[in-house]
Amino acid sequence: MVQREHTRLEWRSPHQVLERARPVAWTCFCRATVYELLEGAGRAFLRRTVQRDGDHQVHETAPCSINEAWAIWTALLTGRTR
């Protein structure tokens, strides 16, 4: 079995840099791991929420340009980044 190469995202603790960021894309909340793409003030970032046994852990990427965030979002959904 050949495993595709991928880049690894750096997930950090949530930050309040973009307090008014709003989700513009997301994966299904029925899954244990939910991903969201958030935009605000001309910047964007991805949020990952892992839901387990009534608890959840939230991590985010560093803010970047909206275009760069959409490229990362697409790579995440197609398995080219994790």
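Below you will find a few notes about this structure. (Residues numbered from 1 in each chain as written. Predicted model: local features only at pLDDT ≥ 70, side-chain atom pairs only at ≥ 80, totals over all residues. Heavy atoms only, no water.)

Digging into helix α1 (residues 66-77)
Basically, it comes down to this: Only DSSP runs of H or I reaching four residues or more are called helices, and only runs of E reaching two or more are called strands; each is numbered from the N terminus. The span you would expect from a helix comes to 1.5 Å times its residue count less one. The cut-offs for exposure are 20% and 50% of the maximum accessible area for each residue type, with area from a 1.4 Å probe on protein chains only; residues under the lower value are buried, those over the upper are exposed, and the others partly exposed. In this description, one arc is meant: the one made by directions from the helix axis to the C-beta atoms. Whether two residues are in contact is decided by their heavy atoms, any of which lying within 4.5 Å being enough.
In this model, α1 (12 residues) spans 16 Å end to end at C-alpha, consistent with the 16 Å of a helix rising 1.5 Å per residue. Among the residues of α1, those classed as buried are Ala69, Trp73, Ala75 and Leu76. Down the axis of α1, the buried set is contained in an arc of 165°. They therefore lie on one face. Its buried side turned inward, α1 meets β1 (22-26), β2 (33-40), β3 (43-52) and β5 (64-65). Among the residues trailing α1, Gly79 stands out with phi positive, at a value near 85°.

Here we look at the pattern of salt bridges
Side chains that carry opposite charge are capable of pairing whenever their charged atoms lie near each other. Note the cut-off: We count a salt bridge whenever a side-chain nitrogen from Lys or Arg sits within 4 Å of a carboxyl oxygen from Asp or Glu.
Tallied over the entire structure, the rule returns three salt bridges. As a salt-bridge pair, Glu10 and Arg12 come within 3.4 Å of each other at their nearest N and O atoms. Each member of the salt-bridge network shares a partner with another, and the members are Glu36, Arg47 and Glu60.

Here's the deal with the side chain of Glu60
Rules: Contacts described as polar in this section are N or O atom pairs within 3.5 Å, which, within protein, must combine one atom able to donate a hydrogen with one able to accept it, while residues neighboring in sequence count only if both atoms come from side chains.
By the element assignment, Glu60 lies in strand β4 (residues 55-60). Only 2.9 Å separates the side chain of Glu60 from the side chain of Arg47, close enough to count as a polar contact. Excluding anything up to four places from it in sequence, Glu60 contacts Glu10, Trp11, Arg12, Pro14, His15, Phe45, Leu46 and Arg47.

Concerning unusual backbone geometry
Generally, phi is negative for residues other than glycine and the peptide bonds are trans, each holding for most cases. The phi angle at Ala41 is positive, at roughly 55°, despite the residue not being glycine. Owing to a relative accessible area of 79%, Ala41 belongs among the exposed residues under this scheme.

Overview of the packing of aromatic side chains
We apply this condition: When two rings of Phe, Tyr or Trp (its six-membered ring) have centres within 6.5 Å they constitute a pair, described as stacked for plane angles under 30 degrees, edge-to-face for angles over 60, and tilted for the intermediate range.
Taken as a whole and judged by the stated rule, the model has one aromatic pair. Ring geometry for Trp11 versus Tyr35: centroids 6.1 Å apart, planes at 40°, classification tilted. Of this pair, Trp11 sits in the segment before β1 while Tyr35 sits in strand β2, placing them 24 residues apart in sequence. Exposure remark for Trp11: the relative accessible area of 16% places this residue in the buried category.

Bear in mind that shape data such as this cannot, by itself, settle questions of function.
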